[in-house]
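# Structural characterization, general
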Amino acid sequence: VMCEKAQPISMGGSTFARAFKKGCSFGPAFKGQIDNIHDANEKVSKENLLTAYKIYKKAIFDLATK
């Protein structure tokens, strides 16, 4: 989707990902962008929100069809 050779990172915390046979949990944190997820003033740019949407859409499609 992004045509980028990015490496996933693992973060602490508990997710529902462990409960599924096929799946993962991920969020829209992009390199070089302010990461204020779960802070009091959490926000994301429109551009990053649309990029995250495209990633989620492809991931859900791939998980559902493979």
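Because the structure is predicted, anything quoted here is derived from the model rather than measured.

### A look at the overall build of the protein
- Looking only at helices and strands, one finds one helix and zero strands in the protein.
- Burial status across the protein gives 11% buried among its 66 residues.
- Surface exposure of the protein reaches about 6,400 Å², of which carbon and sulfur atoms provide 59%.

### Remarks on the layout of surface pockets
- Size it by volume and the second largest pocket reaches roughly 240 Å³.
- Lining the second largest pocket are 13 residues, with Ile34, Asn36, Lys43, Val44 and Ser45 sitting closest to its centre.
- Tallied by class, residues from the lining of the second largest pocket come to six nonpolar, four polar and three charged.

### Some points on the pattern of salt bridges
- Taken as a whole and judged by the stated rule, the model has one salt bridge.
- A salt bridge links Asp62 to Lys58, with the nearest nitrogen and oxygen atoms 2.7 Å apart. Taken together, the residues span about one helical turn, with Asp62 and Lys58 both in helix α1 (residues 46–65) at a distance of four residues.
- The exposure class of Lys58 is partly exposed, given its relative accessible area of 39%.

### As for the side chain of Asn48
- Tracing the backbone shows Asn48 in helix α1.
- The class for Asn48 is buried, based on a relative accessible area of 11%.
- Setting aside residues up to four positions removed in sequence, Asn48 forms contacts with Phe30 and Gln33.

### Side note on the environment of Val44
- Inspection of the secondary structure assignment puts Val44 in the segment before α1.
- On the basis of relative accessible area, Val44 is assigned to the partly exposed category, the value being 41%.
- Between the C-alpha atoms of Val44 and Gln33, which are eleven residues apart in sequence, the distance is 9.2 Å.

Parameters at a glance
- Residues numbered from 1 in each chain as written.
- Predicted model: local features only at pLDDT ≥ 70, side-chain atom pairs only at ≥ 80, totals over all residues.
- Heavy atoms only, no water.
- Helix = DSSP H or I, 4+ residues; strand = E, 2+ residues; numbered from the N terminus.
- Buried < 20%, exposed > 50% of the residue type's maximum accessible area, 1.4 Å probe, protein only.
- Areas by Shrake-Rupley, 256 points an atom, 1.4 Å probe, with all protein chains shown as cover.
- 1 Å grid on protein atoms, 1.4 Å probe; cavity = no way out; pocket = protein on both sides within 12 Å on 5 of 7 lines; lining within 4 Å.
- Points joined across faces, edges and corners; volume = space filled by probe spheres on them.
- Nonpolar A, V, L, I, M, F, W, Y, C, P; charged D, E, K, R; others polar.
- Salt bridge = Lys/Arg side-chain N within 4 Å of Asp/Glu carboxyl O.
- Contact = heavy atoms within 4.5 Å.

These figures capture arrangement, not role.
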